[in-house]
Each structure stands twice: as C-alpha cells, then as structure tokens.
Amino acid sequence: MLPGRMTLSPPGPPCGPPEELQELQELAFIERPIRRSLKTAEEIDQLTVDEDLNDVERAVYLLSMGQEVQRASVISNLPSLVRQNPAETFRRVVPKVRDVLNGAGAEIQLAAATSFLTILQDDIILIHTHTYSILKTVLLHLNHRDAVVSSAWLETLLSAINALPKETIKQEVLNPLLYQSQLSHSLQARLAACRILGRASCKFDSLIVKKELLPLARSLCRDVEPEVRVCMCHQLESMARAIGVDDTRTELLPEMLELAGDEEGSVRLAAFDSIISLMEMMDGDDRLHLLVPLVMSACDASSQVDEGVMVSLSFQFGKLCSGLAGSLSDEQKRLLLQKFQVLCITGLPAEENQMDVGESTLIRCNCCYNLPAMLAFVDPAHFLSDLFPSFSGLCSDPEVSVRRSVAAGFHQVVKMLGSNVHVVHKELLLLLQDNSLEVLDALMNHLDETLEVVLSRGDNLMVDNKLQELLSALLSAEQKVGSSLRWRLHEKLLHRYSCLSRLLPGELLHQTFSARIFMILTTNKVLPVQKEAARTFCTFLRYNRKQEQRQEMMERLIQDLAQGRSYWNRLRFLDVCEIATEIFSRKYFNKHFLIPALELVHDPVANVRYKLCQLLPRLRSSLRLPADKLLLQKLDFCVQKFLCREKDKDVVAMIRKTVLELDKLDLSEPFHKRHEWDLLDQKKEKEEMLLLEMEQLERQQSDGKLNSDKHMERKRRDSKTSLSSTKSMSVSSSTGSSTSGKETRKAKLSRSRSLSSQPTSSKPANSDRPLKVKDLSSSSGLGKCTRDDSLRTAHFTLTTQSTSSMPVLIRSKTTSLLDQASMLEQRDHRTSTLDHRSGTRDHRNNMMEQRTSSLEEREHRTSTLEHRDHRTSTLGQRSKTMERGCGMKDSQSRKLSMNRKSSSFQSERE
C-alpha cells in the first residue's frame, strides 16, 4: 500500500548544488572501468577448470587450452610441480612448456627461464635426462632477439653446466660454441661464448682446457669488439686456475699483458684486474718483472691513467702492497705510499686535478677500505708520520659515505695500533659525535672491540682528561640516536654498551651510565629498545663490585618497576626477570627477583597477570629441591590463586596452558640438557662468588691503605718532634759552651790533653749511651708526650755527661742523637706491631670467650631440658602411684560392697 501512495517526479537533471553534481560525475567516471573490466559469461566459462583434476592434469589443460595469463602462471609454478611429482611433470608438462615457448612473448620466456634456473639451483632434479631435456629447451632460445630474454636463458645455461656430465657439455654446448665464437655471428652470441668458456673450463682437466678451450679464448681476446675483449679478460682467471701455474705463466700472462696495453680503457682496466687477481699464482720473479712494473707505471703516470683504472687501483691497493712487499725496494715503497696519500685526497677542493664527484668519492671510500692493509705495509710504529694525516683527513671527510667507510674499519686500525691507540683518540671522538646516523651505525657494528682496545690502555686515557671526553661522547651519541626514529640503531648501541661493565670501574660506570640506561628502560616506548636496555642494566648490575650500588640498583628495579604505578612498568619488570634468568645464577635470581615477580599475582591489570602466567614455567625451572622448597610452595600458591580466583578469560586460558607445561616440565627436559644448565648455572655462581671476593679484597686493600697512611703520618710527626728536640739541645749546648775566648782556648787545650792522655776512656763512655737510651725507651709510656719527654731527658743526660767527663765535637753529638732517634722510631714501630698483635690476640680471646659463653648457654639449655624431663618423669610416677592408689581404693570398696551384700543375704536367711 505504501508504494501506491508515492508519486514519482519526472526524469530530469538532479537538483542540488553544483559541487554535489561534480562529485556524482566523478563517481560515475570511476565506475566505468570497473564495469568494462567485468568478464562475460563465456569468458568466465573459459577460465573455469574442473575441480576433479589433479595438479599435473590441470597444468596440462591450462597450457593447452588456457589463456596467456594462465600459461604464465603454470610456468611460474613449475618448480613446485617438479618437487611434488618430478617424473610426471617432465613426461607431460615440460613438453607442453616447450611447445608454448615457440613464438611466446617476453613475459612467458622470462618466466620459463626463471623456473628452469630455480629447478637447477635447488637440486630438485635427480636424473640427468631431466637436465638434458631442460638443456635442449635452453639452447633453442639462447639466441633470442630480446637481449633481456637472451641473458636470462644464458644464466640458466650456466647453471645447467654445473649439473650436466662432461660428455653432454662437450657434445651439446662446446661443439656449437666453436661456430658461435666466429666473427660472422652476432655480438650477443660471442659474449655468450666468452661466459660459457669461463664456466666450462672448471668442469674439465687442464689438458682438455689447454688443447680445446685455450685457442678459442685467444681468438676472443683478439676480437674486434672491445666488449668481447673485456668479457674474455674477466674469464681468464677461471681458465688460469684450471690449467695451473706453469701453463698460466707461458700461455695466459702474455695475453693479459698485451690486453693491459690495449687502446681501449675498459680493456686495460679488465686486464689490470685479472692480473692482480692472479698475483697469488705468481712466483717472486713474475711479481718482480711483470707485476711491479705494471703497478709502478700506473702509480707514476697518475695524471694520464683513466678514472676506471684509478678506481680499480684504489680498491686493490692494499692487496697489491701486501703481496708485493717482499719484491719492492725502499724507493718503490715510498712511491706507493705517496700514491696512496694522493688517492686519499682525490676530488677534494685542495686538489688541483678535479675528477667526477662520484668517482672521487668512490676512490676515497676504497682508501678507507685499504687502511688496515696499508698500516701493515708501513708498520704500525710509523703510523704517526706516514698514515696519520691521511687517516685524520678521511675521518673528517665532507662526504658521509667516506666517513661511514672509515668508521666501518676503525676497529681494525685500533687493534693494529695496540699501545699507540691514544694517537687516534680525537678521531674516535669525531666519529662518535658525527651528525650522520649512518656513520654511527657503521661505528656501532664493532664498537665493543674498539672500546676494549681503547679502554684497556687506561694510563694514557687518564692524561688530559681523555676518559671523561670519551664517556661524554658515548653519552651524546646515545642521546642523538635515542632522539631519532632509528630504533634498530638504538638497540644495537645499547647492546654494544654492555661491554662497558667489563672495561670501566664500577663507581664510574654507576655514576655515568646506569642512570641513563634505567631512564631508557622506564621511558622509551619501543619494546625491543626497552628489552635491550633491560639486558644492559642487568649486565651492569651483575658485574658491579660495590654492594651498596647493587642494592641501590635492585631497589630502583623493585620500587620503580615491580611496584610502579604504571602497569607498563610492571610489565617491564617481568621482561627484566626473563632476561635476569639468562644473566644471573639461580641462587641470585631466586633471592632478588622471584618473590617480587610472584607478588604480581595480585596485580589489578589483566595484562600483567597474563604476562606472569607466561613466565611461570621459566620461574619454575629456576627452583631446585630441597633448597627452594619454600619458594616452590609460594609458586604453587600463586598458581592455585590463578586457578581459583581469576576471572579474565584470557588469563584463565593461559594459566591452564601453563599448568600443563608445569606438569610436563620435569618429564620433558632430558637429563643431559638439565645437566648442561646446571653446569652453566654453577659457572655463573662461581663468577658471582669471585666478584664478591674481589669486592672484599678491594675493601681490605682500601682499609689497609688507610691504616698505612695513618701510620706514616704518625711516623712523620714523631720524626719531626725528635728532630726539633735535637736541634734545640744542640743550640743550648753550643750557647753554654761559648762563654768567652779564653775559656774556649782552655777547653780546647783540655780536650787535646784528654784525648792524648786517656785514649781508651771514650769508648766505654760511648758504649754506655745506647744502654741508657734503651732504659729510657723501655721505661717510656705509649703516649707521644712521654716518648718526647724521655727523649729529651736522654739527650740532656748525654750532653751533660759528654761536656763534663769527655769533650767531643758537636757534630758527633748530633749524629749520634739522630741515630738514637731512628732507633727509637724503630722500637716504636716494633711496639706498635706488638700492640697490634696483642689486639688481635685479645680479639681472638674475646671470640673464644663468646664461643665458650655460647657453649655454656647451650649446656644451660640442655640442663633445663633435662630438668624438664625429670619433672615430667616425676609427674608420670606420681600419676602412676595415684592410679595405683585409686585401684587399691576401688578394690577395697568392692570388697566392702561384697561383704555388705553377703551380710545382708545372711540376715535375710536368718
């Protein structure tokens, strides 16, 4: 009823704004090609295939009746058909393919060449007859008029030569090749003949190559077309390796030298490359008389040499120098070094002869590639004078590709420099601070090897604050990469920075890098970068030898990640736990990581609980009974809580899967695998114990240094006080003795008389002095003031005795006093050592007293327990006696009752 009430408007142009009309016209224009591309019913019937046909029958049907698109699809799918059913495919499908190829277009030709090449390279064919059938197809289309199709069929033929027997190659390939190499054939056929010669020479012995293939190669080397001569030059190396060293010297080297002087630059370049590639097959005389003049001519006439030859020379310069080092004179070595220095600045604005920018940049990149070989050529001891200017210039080259090349080989240069690595310190900083991320990417590939060599020479780094510069450059490189979108480079950089845990002191590493790595772990949004930061942080934690710093790092992991407010941080903690199982031993992991991870079973976010369920089998594998019985109970409680209280369906599915894995865990792991894991864990635990012992030794050494410093300060103070006292006493004696001129004369006369008249009285007096000093020193106390007072009294008594009884010179007094002071110092040192020993004995006695007190406490406990046992025994006896008494009372009461009954019975009778 509703459609009957509707009124249709007359047809006309739709009303509306012109913008809507334009959009409708555009939509109609877009729909036109879609309608045109639709197939009719007849075309759909032609494209349909019976579903009951198998793959081979369907391929035969489509090759016979299908369209060109279907035929191309079948030919492209030919390798999979050969894998499934090779016999039927070669019997029914390959002949149809051969028929389709006659007069087919370039698309089908390329598809067939690619399919046959895949079949030959994957070693799918097991019968040589199948290869022979492919060879017939390839030879029919080898000289196709399209150059692209012809080269594709040539590649297929070269691959077929490796799989065919020698007789088949000789009859089917080499015999037609004799006619194709003639000048009457096309250029394309002669180029194909050159490549076939080079590949076929590897299949035959040297005699056949010398008699049948070498004359054909000579004729192609003298071809009128330079392209043919270049192609044949590249194949001479394989032919030389086939015929041997002696025949190469007599047969091929003259041809190569003749081609090296060809009028075409491309031919000379090809001959030059071929001769250098055969350098290892030459003896000393050939190198000296053939190769050295060729190389020196290229180096001397550098301005007349082609750019292609210079590029090839720069690429193979290191190989030439290392191979010809024993055949060169000092002058020739100097010329080669100068040539390399010139090549390192080719194309720069400072050079006069300007070249193409691409060619010059390629030459400098090749020089970077040859730097390690040139360093071995000039000797690392002469690096600073011979190669350092060129090396420094390449590190600061304006082209990014050059700096990337020198960064890629920087680790090799550093290894060869060894102890002189501090020479390239500025260049390393330049590359680390480079603005291009490509340079940093090349440097990061072997940064751990570079830093291992650089930081192992710590003495040179401490000079001029070089270590701090290097660390700041490493941090700036990380910040630069982290602020970019190159997250793979950031991941690689963090992986390389983990080597710093073995190279830097723990204090410096903790202050410089640990905080930055933890910040990346908590703030970076890329998951691979976060995991690599977690691995690096765990590595820093493992190799840190300061207990306070390790505790601080673990507290940060627990507080900021495991107990963090963001569920993302809690997920990261589980990632840290997964990595920690690989880095730490089971003992360390179970002590610090396991319980915080299991506590996440109460996490309100389902993703965290899901991640914990995934991690439970790994946590279970870290436990060993009976040592970890309590931890295993906690893990089982965690699983039970998941099974009983979990409501999220994904977590429930995961925990069920995890329970099955936990049940199969002990059964699925073979014994030898568990044994390997146990050995690895024991190794990790030994390393951790060794690190703890090293930490204790470092503490003891630091404490010993402090004690020794204090002892040295005491000695210095004592020596200063003794010297001041001797000086004061000598001054007082000198002032007291010089009263007047007459008295000094009389004293001198009396001294001379006493020395002349009593020569033996001075010896016992001198011998009594140390005895008095001994008495004084022995009677002196332990404090400094008592020692000083005794020293002063000793000096005073000695001076008074010497002045009164025996006149001696003042110098002898002072020297004897100094000797006595030194003896006193020695004795003080002895007394201090005795005090130290007595202190250690007192400590041992205290320890023994503590042990005896603990034993007494144990005895007291045992006595109390015995007393308790005695009380229990007495109570038991009392209870027994009470029971016996109760039993006696019961028996007596029974007897009384019986007597009463009997008396009553008798009374009734009466």
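What counts, and where the lines are drawn
Per chain, the residues get numbers from 1 upward, laid out in the order the sequence is written. Local features in this predicted model are restricted to residues whose pLDDT is 70 or higher, and side-chain atom pairs enter the listing and the counts only when it is 80 or higher, whereas totals over whole chains, interfaces and linings include all residues. Side-chain numbers here rest on the full set of heavy atoms in the structure, without hydrogens or water. Secondary structure follows DSSP: runs of H or I at least 4 residues long count as helices, runs of E at least 2 residues long count as strands, and numbering of each begins at the N terminus. Contacts are assigned to residue pairs that have any heavy atoms within 4.5 Å of one another. Note on areas: these come from Shrake-Rupley sampling with a 1.4 Å probe, and a residue is covered only by the protein chains present in the view. Only one rule defines a salt bridge in this text: a Lys or Arg side-chain nitrogen within 4 Å of an Asp or Glu carboxyl oxygen. For every residue, the accessible area obtained with a 1.4 Å probe (protein chains only) is divided by the maximum for its type, and the residue is called buried under 20%, exposed over 50%, and partly exposed between those limits. Inter-axis angles, ranging from 0 to 180 degrees, are taken between N-to-C directions of lines fitted to C-alpha atoms, where helices are fitted over the stretch in contact. In this scheme, roughly parallel covers angles under 35 degrees and roughly antiparallel covers those over 145, while 65 to 115 is roughly perpendicular and the rest are oblique. Polarity classes work like this: nonpolar for Ala, Val, Leu, Ile, Met, Phe, Trp, Tyr, Cys and Pro, charged for Asp, Glu, Lys and Arg, and polar for all others, with Gly in that last group. Detection works on a 1 Å grid of protein atoms alone, calling trapped sets that fit a 1.4 Å probe cavities and calling open sets with protein on both sides within 12 Å along at least five of seven lines pockets, with lining residues defined by an atom within 4 Å of a point. Grid points are joined across faces, edges and corners, and a volume is the space filled by probe spheres set on the points. We call a set of buried Ala, Val, Leu, Ile, Met, Phe, Trp, Tyr and Cys residues a nonpolar core when their side-chain atoms join them within 4.5 Å. Between 30 and 60 degrees the pair is tilted, below 30 it is stacked and above 60 it is edge-to-face, where a pair is any two Phe, Tyr or Trp rings, Trp via its six-membered ring, whose centres lie within 6.5 Å. For a ring to carry a charge above it, either NZ of a lysine or CZ of an arginine must fall within 6 Å of the ring centroid while also lying within 35 degrees of the normal to the ring plane. Any pair of nitrogen or oxygen atoms within 3.5 Å is treated as a polar contact; in protein, a donor-acceptor pairing is required on top of that, and neighbouring residues in sequence qualify only through side-chain atoms on both sides. Definitions for this section: a left-handed crossing has its near helix turned counterclockwise from the far helix by less than a right angle. A right-handed crossing has that turn clockwise.

Caption draft 1: Highlighting the overall build of the chain. From N to C terminus, the chain includes 47 helices and 0 strands. Long-range contacts, defined as pairs at least 24 residues apart, comprise 69% of the intrachain contacts of the chain with a sequence gap of at least 6. Accessible area of the chain: about 53700 Å², with a carbon and sulfur share of 54%.

Caption draft 2: Local environment of the pattern of salt bridges. Tallied over the full model, the rule gives 31 salt bridges. Close ionic contact of glutamate 255 with arginine 222 constitutes a salt bridge, the shortest N to O distance being 2.8 Å. Of this pair, glutamate 255 sits in helix α15 (residues 245-260) while arginine 222 sits in the loop between α13 (206-221) and α14 (226-243), and the two are 33 residues apart along the sequence. In this structure, the salt-bridge partner of arginine 229 is aspartate 262, at a minimum N-O distance of 3.3 Å. Taken together, the residues span a long stretch of sequence, with arginine 229 in helix α14 and aspartate 262 in the loop between α15 and α16 (265-277) at a distance of 33 residues. In this structure, arginine 229 and aspartate 262 share a single accessibility class: buried. Residues joined by salt bridges that share partners form a network here, namely Arg572, Asp575, Glu578, Lys611 and Arg618.

Caption draft 3: Region of interest: the packing of helix α36 (residues 547-562) against helix α37 (residues 567-583). At a closest axis distance of 8 Å, the pairing of α36 and α37 adopts a crossing angle of 135°. Our classification of the angle between α36 and α37 gives oblique. Facing Leu557, Ile558, Asp560, Leu561 and Ala562 of α36, the residues of α37 in contact are Asn569, Arg570, Arg572, Phe573 and Val576. Its residues assigned to classes, the contact of α36 with α37 comprises 6 nonpolar, 1 polar and 3 charged.

Caption draft 4: Here's a closer look at the layout of surface pockets. Put simply, the second largest pocket is a space of about 450 Å³. Around the second largest pocket, the lining is made up of 18 residues, and of these Arg550, Tyr588, Lys591, His592 and Leu692 lie nearest the centre. Those elements that place two or more of their residues in the lining of the second largest pocket are α35 (527-542), α36, α38 (586-592) and α43 (671-737). Among the elements that take part in the lining of the second largest pocket, α43 stands out by supplying 5 residues, more than any other. Per-class residue counts for the lining of the second largest pocket are 7 nonpolar, 5 polar and 6 charged.

Caption draft 5: Structural view of the nonpolar core. Membership of the largest hydrophobic core comes to 212 residues, with the highest contact counts inside it found for Leu474, Leu500, Phe513, Leu557, Phe593, Leu616 and Leu619. The element that contributes the greatest number of residues to this core is α14, accounting for 9 residues.

Caption draft 6: Representation of the packing of aromatic side chains in the model. Counting across every chain of the model gives 12 aromatic pairs. Measuring from ring centre to ring centre gives 6.1 Å for phenylalanine 383 and phenylalanine 388, while their planes differ by 75°; the resulting arrangement is edge-to-face. Across the pair, exposure class does not vary: phenylalanine 383 and phenylalanine 388 are buried alike. When the centroid spacing of 5.8 Å and the interplanar angle of 65° are considered together, the rings of phenylalanine 383 and phenylalanine 391 count as edge-to-face. The two residues phenylalanine 383 and phenylalanine 391 agree in class, both being buried. In this arrangement the basic side chain of arginine 542 is found over the ring face of tyrosine 543, its NZ or CZ atom lying 5.2 Å from the centre.

Caption draft 7: Broad picture of the environment of asparagine 544. The topology assignment puts asparagine 544 in the loop between α35 and α36. A residue is classified by how much of its surface remains accessible, and asparagine 544, at 5% relative accessible area, is buried. Residues asparagine 544 and glutamate 507 lie 37 residues apart in sequence; the distance between their C-alpha atoms is 8.2 Å. If we skip the residues at most four places from it in the chain, asparagine 544 touches Gly506, His510, Gln549, Arg550 and Met553. Within the local environment of asparagine 544, its side chain forms a polar contact with the side chain of glutamine 549, the two groups lying 2.9 Å apart.

Caption draft 8: Geometry of the environment of methionine 65. Looking at the element boundaries, methionine 65 is found in helix α4 (residues 55-65). Residue classification places methionine 65 among the exposed positions, given a relative accessible area of 61%. Along the chain, methionine 65 and leucine 47 lie 18 residues apart, while their C-alpha atoms are 9.5 Å from each other.

Caption draft 9: Spotlight on the packing of α16 against helix α18 (residues 307-315). With their axes 9 Å apart at the nearest point, α16 and α18 run at an angle of 15° to one another. In terms of axis orientation, α16 runs roughly parallel to α18. Between α16 and α18 lies a crossing whose hand is right-handed. When α16 is examined against α18, the residues Leu269, Phe272 and Asp273 are found in contact with a partner set consisting of Gly308, Val309, Ser312 and Leu313. Grouping the constituent residues of the contact of α16 with α18 by class yields 4 nonpolar, 2 polar and 1 charged.

Caption draft 10: The arrangement of the environment of glutamate 399 in detail. Within the secondary structure, glutamate 399 sits in the loop between α24 (388-395) and α25 (400-408). Classification of glutamate 399 as partly exposed rests on a relative accessible area of 32%. Sequence spacing of glutamate 399 and leucine 348 is 51 residues, and the spatial spacing of their C-alpha atoms is 9.9 Å. Excluding residues within four positions of it along the chain, glutamate 399 makes contact with Thr361 and Arg364.

Caption draft 11: Quick look at the side chain of serine 133. By the secondary structure assignment, serine 133 is in helix α9 (residues 128-140). If sequence neighbours within four positions are ignored, serine 133 has contacts with Phe90 and Arg98.

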